[in-house]
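Letter by letter, the chains look like this.
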Amino acid sequence: RVQNALGACSTRYTSALQATAGDMGGKLGVDAHVLGIFSEEIVRGTAAAPLSQMLRALDPALREMANMGAWNIISPVEAVGVVEVVDDLVAIQTKTYSVPTILVSRRVGGEEDIPMGVVGVITPDMPDILSHVSVRARNEGCLFATVFDAGKLQEMEQLAGQAVTCTPSASADDLGVSVLP
């Protein structure tokens, strides 16, 4: 719940600040890349950042103690796309996908961009809730989920090349996956 609240906080800051930053920064000639991440950096400068880092460290132990599910949905958005498996998100972050794609990425560090055409990212890594990739996923309406169960990760990888629908639970702790005909 705290993680969901941090995500909502990040979204509120971004919504409140980004348009003004873009307008003012554009008039002042500020670099477009800097404008694009301005509100994210403001959020990382708040008290939410150390809390988020602490949650990242505690989450695995808390999940085990509470017998929680195999999923942690960082950006709970339903996604429909073709599954593609990649080793590392950073290696393909500049790629453009021509069809809606759900990436199963074995590695996500947190500072990557989500490639154009990607509607979902599933990973065994657990980036900070306020990391660049987490904030981008929420802002862009892209599913972003961590899977803790190696068997479920393998099931997702076996869906490579198939069109699927991924539906997060209301509590953001489970992900339903169905293969499309």
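Residues numbered from 1 in each chain as written. Predicted model: local features only at pLDDT ≥ 70, side-chain atom pairs only at ≥ 80, totals over all residues. Heavy atoms only, no water.

**Student:** Is there a simple way to explain the overall build of the protein chain in this structure?
**Tutor:** Helix and strand content of the protein chain: six helices and seven strands. Counting from the amino terminus, the protein chain carries its helices and strands in the arrangement α-α-α-β-β-α-β-β-α-β-α-β-β. For 181 residues, the compact-globule estimate of 2.2 N^0.38 gives 16 Å, and the C-alpha radius of gyration of the protein chain, at 16 Å, lies within 12% of that figure. Its C-alpha atoms give the protein chain principal-axis dimensions of about 50 × 40 × 25 Å. With 181 residues in all, the protein chain has 41% of them scored as buried. Summing over all exposed atoms, the protein chain offers an accessible surface of approximately 9,200 Å²; the carbon and sulfur share of this is 58%. Seen as two clouds, the 12 positive and the 21 negative side-chain charges of the protein chain have centres 4 Å apart. (Helix = DSSP H or I, 4+ residues; strand = E, 2+ residues; numbered from the N terminus. Rg over C-alpha atoms; globule rule 2.2 N^0.38 Å. Buried < 20%, exposed > 50% of the residue type's maximum accessible area, 1.4 Å probe, protein only. Areas by Shrake-Rupley, 256 points an atom, 1.4 Å probe, with all protein chains shown as cover. Lys, Arg positive; Asp, Glu negative; His and termini not counted. Charge placed at Lys NZ, Arg CZ, Asp CG, Glu CD.)

**Student:** Mind showing me how you'd approach the sheet that holds strand 4 (residues 116-123) here?
**Tutor:** Across a sheet, strands are paired by hydrogen bonds formed along the backbone, either parallel or antiparallel in direction. Strand order across the open sheet formed by seven strands is 1-5-4-3-2-6-7, with mixed pairing between neighbours. Strands at the two margins of the open sheet, each flanked by one partner only, are strand 1 (71-75) and strand 7 (175-179). In this sheet, neighbouring strand axes are inclined to one another by 35° on average, regardless of whether the strands run parallel or antiparallel. Bridging between strand 3 (residues 96-105) and strand 4 involves five bridges; their strand directions are parallel. Bridge pairing in strand 4 links I102 to G120. Packing against the sheet, helix 5 (residues 132-140) makes contact with strand 1 and strand 5 (143-147), and its axis sits at approximately 70° to strand 1. (Pairing = 2+ DSSP bridges. Axes fitted to C-alpha atoms, helices over the stretch in contact; angles between N-to-C directions. Contact = heavy atoms within 4.5 Å.)

**Student:** How should the nonpolar core be read in this particular structure?
**Tutor:** What tends to happen in soluble globular proteins is that the nonpolar side chains get buried as a cluster. Counting residues in hydrophobic clusters, the biggest one holds 20 residues, and the most contacted among them are L103, V118 and F144. Going through the elements one at a time, helix 3 (48-65), helix 4 (89-92), strand 3, strand 4 and helix 5 are the ones with two or more residues in this core. Residues within four places of L103 in sequence aside, it is in contact with E84, V86, L89, I92, Y97, P115, V118, G120, V121 and I122. Counting 18 residues, the second-largest nonpolar core is a separate cluster that includes V83, A145, L159 and L175. (Core = buried A, V, L, I, M, F, W, Y, C linked by side-chain atoms within 4.5 Å.)

**Student:** Sorry if this is basic, but what is going on with the packing of helix 2 (residues 32-44) against helix 5 here?
**Tutor:** How two helices pack is summed up by the angle between their axes together with the distance between the axes. The geometry of helix 2 relative to helix 5 is characterised by a closest axis approach of 11 Å and an angle of 120° between their N-to-C directions. Classified by the angle their axes make, helix 2 and helix 5 are oblique. Handedness of the crossing formed by helix 2 with helix 5: right-handed. Residue-level contacts link G36, I37, E40 and R44 of helix 2 to H132, V135 and R136 of helix 5. (Parallel < 35°, antiparallel > 145°, perpendicular 65-115°, else oblique. Left-handed = near helix turned anticlockwise from the far one by under 90°.)

**Student:** Looking at this structure, I do not really get the pattern of salt bridges. What am I missing?
**Tutor:** Opposite charge on two side chains lets them pair, provided their charged atoms get close. In this structure the tally under the stated criterion is five salt bridges. Between D23 and K27 there is a salt bridge, and its shortest N-O distance comes to 3.6 Å. Remark: K27 and D23 occur in helix 1 (residues 2-28); sequence separation between them is four residues, near one turn of the helix. Classification of D23 by relative accessible area gives partly exposed; the value is 44%. R106 is the salt-bridge partner of E157, the closest N and O atoms lying 2.9 Å from each other. In this pair, E157 sits in helix 6 (residues 150-157) while R106 sits in the loop between strand 3 and strand 4, placing the two residues 51 residues apart along the sequence. Look at R106 and you get partly exposed, because its relative accessible area is 39%. (Salt bridge = Lys/Arg side-chain N within 4 Å of Asp/Glu carboxyl O.)

**Student:** I would appreciate a short explanation of the state of the cysteines in the present structure.
**Tutor:** A covalent bond between the sulfur atoms of two cysteines is what we call a disulfide. This structure, assessed with the given rule, holds zero disulfides. C166 supplies the cysteine sulfur nearest to C142, a cysteine that is in no disulfide, at a spacing of 11 Å. Classification of C166 by relative accessible area gives buried; the value is 0%. (Disulfide = S-S within 2.5 Å.)

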